[in-house]
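Here is how the chains run, residue by residue.
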Amino acid sequence: MKPMPRTMQNGIFEYRKVGVQTGVENASPHKLIQMLLDGAIEKVQLARGYMERREIAQKGQTVSWAMAIIDGLRSSLDMSRGGEVAENLDGLYDYMLRRLAEANLRNDLAMLDEVVKLLNEIREGWNGIG
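Thresholds applied
- Residues numbered from 1 in each chain as written.
- Predicted model: local features only at pLDDT ≥ 70, side-chain atom pairs only at ≥ 80, totals over all residues.
- Heavy atoms only, no water.
- Helix = DSSP H or I, 4+ residues; strand = E, 2+ residues; numbered from the N terminus.
- Areas by Shrake-Rupley, 256 points an atom, 1.4 Å probe, with all protein chains shown as cover.
- Contact = heavy atoms within 4.5 Å.
- Axes fitted to C-alpha atoms, helices over the stretch in contact; angles between N-to-C directions.
- Parallel < 35°, antiparallel > 145°, perpendicular 65-115°, else oblique.
- Salt bridge = Lys/Arg side-chain N within 4 Å of Asp/Glu carboxyl O.
- Buried < 20%, exposed > 50% of the residue type's maximum accessible area, 1.4 Å probe, protein only.
- Expected span 1.5 Å × (residues − 1).
- Left-handed = near helix turned anticlockwise from the far one by under 90°.
- Nonpolar A, V, L, I, M, F, W, Y, C, P; charged D, E, K, R; others polar.

A.B. asks: Can you tell me about the overall build of the protein, naming the residues and giving the values?
C.D. replies: If you tally the helices and strands in the protein, you get 5 helices and 0 strands. Looking at the protein as shown, the accessible area adds up to about 8,000 Å², and 52% of this sits on carbon and sulfur atoms.

Following this line, the structure appears as structure tokens:
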């Protein structure tokens, strides 16, 4: 994965300034995954709005941010202990990353909606574990 763009780094810094950092520091591993899923969903939905308004630069930055979060979720998988579930999630995260890249290139709202749907399904399943 490419290094995080400076604008994304600045966005993360601003996001943390409003109190998220405290939540992250005190969160359980389960809660951290919930927060990452929520963040990815939020970023894809924001990208959808930018896409609808033809705000291309913001759309691209926000899609990249969503992809970085999903890549973080993917890299957090414990493939040695997670078995088939981890393998399935790895494949699903890979699919979502490819769909987001394609949606960004084609300005395809349906692809963004598909990724949000998949993220929501994962989040529902994750919430059922907790």
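A.B. asks: Provide a residue-level description of the environment of Ile-70, including the pertinent values.
C.D. replies: Inspection of the secondary structure puts Ile-70 in helix α3 (residues 56-75). It is 9.3 Å that separates the C-alpha atoms of Ile-70 and Leu-119, two residues lying 49 residues apart in sequence. For Ile-70, the residues in contact, after removing those within four places along its chain, are Ala-40, Tyr-93, Met-96, Leu-97, Leu-100, Val-115 and Leu-119.

A.B. asks: Give a description of the packing of α3 against helix α4 (residues 79-106) that names residues and reports values.
C.D. replies: One can describe the packing of α3 onto α4 by two numbers: an axis separation of 10 Å at closest approach and a directional angle of 170 degrees. As judged from the angle between their axes, α3 and α4 are roughly antiparallel. Of the residues in α4, those touching α3 at Lys-59, Gly-60, Val-63, Ala-66, Met-67, Ile-70, Asp-71, Leu-73 and Arg-74 are Asp-90, Tyr-93, Asp-94, Met-96, Leu-97, Leu-100, Ala-101 and Asn-104.

A.B. asks: So what's going on with the pattern of salt bridges? Residues and values would help.
C.D. replies: Across all of its chains, the model carries 13 salt bridges by this definition. Arg-81 is the partner of Asp-78 in a salt bridge, and the nearest nitrogen-oxygen pair spans 3.6 Å. The exposed category is assigned to Arg-81, whose relative accessible area is 74%. With a shortest N-O distance of 2.8 Å, Arg-99 and Glu-114 are connected by a salt bridge. Here the residue Arg-99 occupies a position in helix α4, and Glu-114 occupies one in helix α5 (residues 109-129), the gap between them amounting to 15 residues. What you see here is one network of salt bridges that share partners, running through Arg-74, Asp-90, Asp-94 and Arg-98.

A.B. asks: Which residues make up α4, and what are the values?
C.D. replies: An α-helical turn contains 3.6 residues, so any two residues separated by three or four positions project in the same direction. Between its first and last C-alpha, α4 extends only 33 Å over 28 residues, short of the 40 Å set by a 1.5 Å rise per residue. At its buried positions, α4 is contacted by α2 (29-52), α3 and α5. Just downstream of α4 lies Asn-107, where phi reads positive at about 55 degrees.

A.B. asks: Run through the packing of α2 against α5, naming residues and quoting values.
C.D. replies: Relative to each other, α2 and α5 sit at 165 degrees, their axes nearing to 10 Å. For the element pair α2 / α5, the angle class is roughly antiparallel. When the axes of α2 and α5 are compared, the crossing they make is left-handed. Grouping the amino acids of the contact of α2 with α5 by side-chain chemistry returns 15 nonpolar, 5 polar and 5 charged.

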